[in-house]
Amino acid sequence: MSLTSDPPVDLARAQAPATDPPALRIVPVRHPWRWVAVAATAVVLAQFLHGLVTNPGWEWDVFARFFAADAILQAVWVTLQLTFYGTALGFALGIVLAFMRLSANPFLKAVAFGYIWAFRSIPLIVQLLFWFNLAYLYKELSLGIPFGPSFWSFDTMGLVGAMSAAVLGLALHQAAYAAEIVRGGVLAVDGGQLEAAAALGIPRLRQLRRIVLPQAMRSILPNAANEIISLFKGTSIVSVMAIGELFYQVQVVYGRNGRVVPLLMVATAWYVLLTTALSVVQHYVERHYAKGSTR
């Protein structure tokens, strides 16, 4: 008799060789509606491409003739200049405004907030026309003692031309958005790192340059790239000031020959190419600042 409470063991069954369980048949999950959506999308895309090739209304011969014309290339250069100057000046001022908003001084915070509120509220076209007509409000500008005598004055009529008014308007408008992008990136950095750096005696400027900004750039870059691309395409609005940027020059050309669609496709192709180039640059810059990131 067994002295334990365990159930009796069948010795024959225990000594028998173990047999593998029957193989299970794996059936993949079927997605019939996904394939229906893929087929429908492919058909629509194929029809669109077929229309691009066969529809004579696109006039691809006219497109090819004007795509690299001298007037178009000069207009592309003007567009790139407006984008570069607007971005450089806008982000330089935006960084200053961002740190003014992050300052403990209530007056600086109020001034920065007021600037951002005003320039984000007023449409860009209104700002451009305002700077273009600055000479109507101020005949001359002077430098000297505030509310006192002036030592040097100059005429505003020759100072603010169409190109300078466009750069000024784009830069000041861009600065309001750049300030919020930079401020958001700085706030994304954990404050404990600054406390640790201060405990180690690292100067504030070095904290900002070596600790805050390299980490903040991961949050700043995607939004900043979007703003630069938006500014690049938004330069077309300066056509109201008769500046020979890409969209204005295209309008001039199709106003003469009546080939509206192919000339619009010329502008579209240049915008797509340059936006793609900016996106490639964005990718490599983001990859550089992503070093050490776990994502």
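Residues numbered from 1 in each chain as written. Predicted model: local features only at pLDDT ≥ 70, side-chain atom pairs only at ≥ 80, totals over all residues. Heavy atoms only, no water.

### A look at the nonpolar core
We apply this condition: Side-chain atoms within 4.5 Å are what join buried Ala, Val, Leu, Ile, Met, Phe, Trp, Tyr and Cys residues into a set we call a nonpolar core. Relative accessible area decides the class of each residue, using a 1.4 Å probe on protein chains only: under 20% of the type maximum gives buried, over 50% gives exposed, and in between gives partly exposed. Helical segments are the DSSP runs of H or I of at least four residues, strand segments are the runs of E of at least two, and each set is numbered from the N terminus. We call two residues contacting when some pair of their heavy atoms lies within 4.5 Å.
In this structure, Leu82, Leu97, Tyr115, Leu170 and Val238 are the most contacted members of the largest nonpolar core, which totals 25 residues. If you list the elements that add at least two residues to this core, you get helix H4 (70-101), helix H5 (106-121), helix H6 (124-132) and helix H8 (162-187). By residue number, the principal contributor to this core is H8, which donates 8 residues. Setting aside chain neighbours within four positions, we find Leu170 in contact with Leu82, Leu124, Leu128, Leu231, Thr235 and Val238. Ranked by size, the runner-up nonpolar core spans 17 residues in total, among them Val62, Phe66, Val76 and Ala269.

### What to know about the packing of aromatic side chains
Applied cut-off: Within 6.5 Å between ring centres, the rings of Phe, Tyr and Trp (the latter by its six-membered ring) count as paired, and their orientation is classed by plane angle as stacked under 30 degrees, edge-to-face over 60, tilted in between.
Evaluation of the coordinates by the stated rule reveals 8 aromatic pairs. Taken together, Trp58, Trp60, Phe63, Phe67 and Trp270 form an aromatic cluster joined through their ring pairs.

### A short note on the pattern of salt bridges
Spelled out, the test is: By salt bridge we mean one thing: a side-chain nitrogen of Lys or Arg within 4 Å of a carboxyl oxygen of Asp or Glu.
Applying the stated criterion across every chain yields a total of 3 salt bridges. Linking Glu59 and Arg259 is a salt bridge whose minimum nitrogen-to-oxygen distance equals 2.9 Å. Within this pair, whereas Glu59 is found in the loop between helix H2 (32-54) and helix H3 (60-67), its partner Arg259 is found in the loop between helix H11 (246-257) and helix H12 (260-289), the two being separated by 200 residues in sequence. Relative accessible area serves as the criterion here: at 23%, Glu59 is assigned to the partly exposed category. In this structure, Glu180 engages Arg183 in a salt bridge whose closest nitrogen and oxygen atoms are separated by 3.0 Å.

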